[in-house]
Amino acid sequence: MSANQQIEFKLSKSKIILMFFGCLIFCIFSIFFILNPDKFTSWRHSSSTMVFIVGILGVAFFGICLLFYAKKMFDNTPGLIVNDKGIYDNASGISAGFIPWQDIEEIKETIVVNQSFINIVVKNPDEYIKRQKNIFKRKLVQMNYNSFGTVIGIPSVVINSDFNELKRILEQEFEKHKKS
């Protein structure tokens, strides 16, 4: 990539729509757990209170995911933009925004529940945590940092690109800009 050029990775609308409907289904099941927990007890899980709690947690988690995917369905901004200045991240619900090359220490891959992420390790993680205006998102970014050692995780599922190709391009550009 030469100066003033950029590579754009679009959001995968078909994958986002599938994820939206998957979250909707899980949200509906969770609502059933809340409304009638006794129907979902068995000899193995006899506590209707536990079913009720799982329902609440399910609605909370899948409801948040549902809102994220609903928003992304109508987002026409590229998921990632890579240029000679850095990376612009718009891929996840807690996107980092612009990440200059000089802030990046490492690019690595992590797999969580069979989903691949490109993790970008930055020199100044606290700065990226503070960027999040929403306290809930700030807590999620802090949890990512505590769990994976990075505040920036780009999910492969929402990017319309082959994961290995995306990773190769990011690593190649990082190496090129790390030297300069």
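Anything mentioned here points back to the structure above.
Okay, so let's go over this structure.

Definitions and limits used
Residues numbered from 1 in each chain as written. Predicted model: local features only at pLDDT ≥ 70, side-chain atom pairs only at ≥ 80, totals over all residues. Heavy atoms only, no water. Helix = DSSP H or I, 4+ residues; strand = E, 2+ residues; numbered from the N terminus. Buried < 20%, exposed > 50% of the residue type's maximum accessible area, 1.4 Å probe, protein only. Contact = heavy atoms within 4.5 Å. Core = buried A, V, L, I, M, F, W, Y, C linked by side-chain atoms within 4.5 Å. Pairing = 2+ DSSP bridges. Patch = residues over 30% accessible without salt bridge, like charges linked within 9 Å, V, L, I, M, F, W, Y side chains within 5 Å. Areas by Shrake-Rupley, 256 points an atom, 1.4 Å probe, with all protein chains shown as cover. Salt bridge = Lys/Arg side-chain N within 4 Å of Asp/Glu carboxyl O. Axes fitted to C-alpha atoms, helices over the stretch in contact; angles between N-to-C directions.

### Concerning the overall build of the protein chain
Link 1 in the chain: Looking only at helices and strands, one finds five helices and seven strands in the protein chain.
Link 2 in the chain: Traced from its N-terminal end to its C-terminal end, the protein chain shows the element sequence β-α-α-β-β-β-β-β-α-α-β-α.
Link 3 in the chain: Taking the principal axes of its C-alpha atoms as reference, the protein chain extends roughly 65 × 30 × 30 Å.
Link 4 in the chain: In the protein chain, which comprises 180 residues, the share counted as buried stands at 40%.
Link 5 in the chain: Within the protein chain, counting contacts between residues at least 6 apart in sequence, those at least 24 apart form 62% of the total.

### Considering the nonpolar core
Link 1 in the chain: Ile120 and Ile152 are the most contacted members of the largest nonpolar core, which totals 36 residues.
Link 2 in the chain: At the level of elements, α1 (13-35), α2 (48-73), β2 (80-83), β5 (104-112), β6 (115-122), α3 (125-131), β7 (152-155) and α5 (163-178) are the ones that each hand at least two residues to this core.
Link 3 in the chain: Setting aside its immediate chain neighbours within four residues, Ile152 contacts Asp89, Ala96, Ile99, Ile118, Asn119, Ile120, Val122 and Tyr128.

### Comments concerning the pairing of β2
Link 1 in the chain: A two-sided burial pattern is seen for β2, the buried positions comprising Leu80 and Val82 on one face and Ile81 and Asn83 on the other.
Link 2 in the chain: As paired strands, strand β1 (residues 6-9) and β2 are joined by four bridges and run antiparallel to one another. The partner of Phe9 across the bridge, within β2, is Leu80.
Link 3 in the chain: In this sheet, strand β3 (residues 86-89) lies alongside β2 in antiparallel orientation, the contact comprising three bridges. Bridged to Ile81 within β3 is Tyr88.
Link 4 in the chain: Hairpin geometry of β2 and β3 is characterised by an intervening segment of two residues between the two adjacent antiparallel strands.

### Observations regarding the side chain of Lys167
Link 1 in the chain: Topologically, Lys167 is positioned in helix α5.
Link 2 in the chain: Given the relative accessible area of 18%, Lys167 is considered buried.
Link 3 in the chain: Setting aside residues no more than four positions away along its own chain, Lys167 makes contact with Glu109 and Ile118.

### Quick look at a nonpolar patch on the surface
Link 1 in the chain: A surface patch of nonpolar side chains, amounting to about 670 Å² of accessible area, comprises Ile25, Ile28, Phe29, Ile31, Phe32, Leu35 and Phe40.
Link 2 in the chain: Looking at the element boundaries, Phe32 is found in helix α1.

### What about the sheet that holds β3?
Link 1 in the chain: Sheet architecture is open: four strands sit in the order β1-β2-β3-β4, paired in antiparallel fashion. Looking at strand neighbours, the two that pair on one side only are β1 and β4 (97-100), the edges of this open sheet. Strand-to-strand twist of the sheet, defined as the mean angle between neighbouring strand axes without regard to direction, takes the value 15°.
Link 2 in the chain: Docked against the sheet, α5 engages β1, β2 and β3, running at close to 35° with respect to β2.

### Examining the sheet that holds β7
Link 1 in the chain: With antiparallel pairing, three strands are arranged side by side in an open sheet as β5-β6-β7. Each end of this open sheet is capped by a strand with a single partner; those strands are β5 and β7. Each neighbouring strand pair of the sheet contributes to a mean axis angle of 25°, computed without reference to strand direction.
Link 2 in the chain: Bridge count between β6 and β7: four bridges; the pairing is antiparallel. If you follow Ile120 over to β7, its bridge partner there is Ile152.
Link 3 in the chain: The sheet strands contacting α5 are β5 and β6, and the helix crosses β5 at an angle near 165°.

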